[in-house]
Amino acid sequence: MIPTAQMGQLRPGEAEWLAPGHTGRPLTLWKLLLLLWTLLNCGLESSAQGPGEWTLWGSWSRCSSSCGRGLSVRSRRCIRFPREELCWGDTHEYRLCQLPDCPPGAMAFRDIQCALYNGQPVLSLQKTYQWIPFYGAPNQCDLNCLALGHAFYHSFGRVLDGTPCSPGSQGLCVGGRCLSAGCDGLMGSDAREDHCGRCGGANDSCLFVQRVFRDAGAYAGYWNVTLIPEGARHIYAAHRSRNYLALIGGDGRYVLNGKWEISPPGTYDVAGTRVVYTRATGPEETLRAAGPTTQDLLLQVLLQEPNPGIEFEFWLPRELYGPFQEQTQALSLSLRQPQPLEVEPQSSEPNKAPAFPTRTPNPTPVFRARVLGHLRQAQETRYEVRVQLVYKNRSPLQALEYVWAPGRCPCPPMSLHREYLLAAQRLVSPDGTQDRLLLPHAGYARPWSPAEDSRVRLAARHCPV
């Protein structure tokens, strides 16, 4: 109220009002508004107001399990006035916690809960039972336990939060419901990783590389298809032909179908990811990997017939796309598709051996070697030999070499652990992806003896090879 002595001395912008039930005592506007607010909140009946307000989330609890997968929970409270609605949202939030795997032989969480009722009277009967989990009931988040040795089960209510919904399931029971964790770790969340690996992303931080390798090849052998760089995700390659996909790891060793040896379908661990290799009964072959890769991979194809096209694709972070282009150019793996080259048509026989290059042969190495092993592949034999002595050669020989003998029989029939004098034609492809020592059409193999040794040394001095 404004004292009477101050009436008539109002500040600019103030108006004179009289309070209800009073005379001669004007009120300023702001005090009138305060009075109206008090009347509305204290003296008038009103309908329900909006929702209340949440307190801050509390801290996360310890994991519900001591090993394997479990749950951690946090809670909050709703603060509201009597006529306000309840807060919108949940009072509890659950997230997945991943601990080291449980030791072998550890009892599963659901088994422990059923075992708590062992020897306890059930169904108002004095008879007791031994209980094990039963997974054939409608609600998999109820504690359904089968009486051991009997044909009935009993439900003991809900399982504890954090119990796996079923053996091998990724879902966990929370409040009687089976929930799965989103990529944010929260149970029941619909957050998912995009193709770039970002939780809740929109595929805008990576680029999609998708091409078809159409080079038909001028000869049979290994051809480079593409570099799969470090950081690649959702890798896929496929074709329909009698050719074979080959994969080289970051250490330069073959992971699949290398050295003319065909690998069985299956899962292969390489470069920090798992490569799933499938080959159907028909001419279809696929290669898949989730990634991300931790090393560069090189995808090749082992050509046995003209290439009908190899589809490949992967997702790559934007910042890695430029270096990827530079690497492919440095490896002569242009991102532009090369023009098809001529290939001699091959027979459709499934076991026919790969054709050999028909380019001008390189100088023939002459050397002495011990046979360590042999392997029949289709219609050719691969001999593994240890080089003992090189008589004449213009290209380097390794201590261990493979010598190939095409034909229906292992000719020449070299015996294990015997030493031979060999003259093998070396065939090297233009890009260096194929390097083979070939017998017997352009060379010979004879058992080593001192007499043969003398003749070869004499020939090496007088005859170019």
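Residues numbered from 1 in each chain as written. Predicted model: local features only at pLDDT ≥ 70, side-chain atom pairs only at ≥ 80, totals over all residues. Heavy atoms only, no water.

(A) Inspection of the overall build of the protein at higher detail. The secondary structure content of the protein amounts to 4 helices and 28 strands. In the protein, buried positions account for 36% of the 465 residues. Residue pairs in contact within the protein that sit at least 24 positions apart in sequence constitute 60% of those at least 6 positions apart. Only carbon and sulfur atoms are counted for the fraction: they give 54% of the accessible area of the protein, which is about 27300 Å². (Helix = DSSP H or I, 4+ residues; strand = E, 2+ residues; numbered from the N terminus. Buried < 20%, exposed > 50% of the residue type's maximum accessible area, 1.4 Å probe, protein only. Contact = heavy atoms within 4.5 Å. Areas by Shrake-Rupley, 256 points an atom, 1.4 Å probe, with all protein chains shown as cover.)

(B) Geometry of the environment of Ala232. Residue placement: Ala232 occurs in the loop between β13 (221-228) and β14 (233-240). Owing to a relative accessible area of 0%, Ala232 belongs among the buried residues under this scheme. Here the alpha-carbon distance between Ala232 and Cys196, two residues 36 residues apart in the chain, equals 8.9 Å. Once residues lying within four places of it in the same chain are set aside, the contact partners of Ala232 are Gly291, Pro292, Thr293, Phe314, Trp315 and Leu316.

(C) Just the side chain of Thr286, in detail. Tracing the backbone through its elements, the reader meets Thr286 in strand β19 (residues 284-289). Those residues in contact with Thr286 that sit more than four places away from it in its chain are Tyr236, Ala237, Ala238, Val276, Tyr277 and Thr278.

(D) Seen up close, the nonpolar core. The biggest cluster of nonpolar side chains holds 36 residues, and the ones touching the most others in it are Leu247, Leu256, Leu287, Leu299 and Phe314. Discounting chain neighbours no more than four positions away, the residues touching Leu247 are Arg253, Tyr254, Val255, Leu256, Val270, Val275, Leu287, Leu297, Leu298 and Leu299. Core analysis: the second largest hydrophobic core is formed by 16 residues, Val385, Leu397, Ala405 and Met414 among them. (Core = buried A, V, L, I, M, F, W, Y, C linked by side-chain atoms within 4.5 Å.)

(E) How the structure looks around the environment of Arg177. Counting through the fold element by element, Arg177 comes out in strand β11 (residues 177-179). Between the alpha carbons of Arg177 and Val159 there is a distance of 9.8 Å; along the sequence they are 18 residues apart. Apart from residues lying up to four places away in sequence, Arg177 is in contact with Cys141 and Leu172.

(F) Representation of the state of the cysteines within the structure. Per the counting criterion, the structure on display carries 8 disulfides. Between Cys183 and Cys199 runs a disulfide, and the two sulfur atoms are separated by 1.9 Å. Judged by the sign of its S-S torsion, about 80 degrees, the cystine formed by Cys183 and Cys199 is right-handed. Of this pair, Cys183 sits in the loop between β11 and β12 (206-213) while Cys199 sits in the loop between β11 and β12; the two residues are 16 residues apart in sequence, bridging distant segments of the chain. On the basis of relative accessibility, which here comes to 31%, the residue Cys183 falls in the partly exposed class. Taking relative accessible area as the criterion, Cys199 reaches 40% and is therefore assigned partly exposed. (Disulfide = S-S within 2.5 Å.)

(G) View of the confidence of the model for the protein. Per-residue confidence for the protein gives a mean pLDDT of 77, with 74% of residues at or over 70. Of the regions scoring below 50 in pLDDT, residues 43-48 engages in 4 contacts with residues more than four places distant in sequence or in other chains. Segment residues 333-361 is flagged for pLDDT under 50; beyond a separation of four residues in sequence, or across chains, it makes 66 contacts in the model. (pLDDT = per-residue confidence, 0-100.)

(H) Seen up close, the sheet that holds strand β7 (residues 131-133). Taken together, 3 strands build an open sheet; the order of strands is β7-β8-β9 and the sheet is antiparallel. One side of each edge strand has no neighbouring strand; the edge strands of this open sheet are β7 and β9 (153-158). Ignoring strand direction, the axes of neighbouring strands in this sheet form an average angle of 35 degrees. The sheet contact formed by strand β8 (residues 142-147) and β9 spans 4 bridges and is antiparallel. Residue pairing in the sheet places Cys145 in a bridge with His154 of β9. (Pairing = 2+ DSSP bridges. Axes fitted to C-alpha atoms, helices over the stretch in contact; angles between N-to-C directions.)

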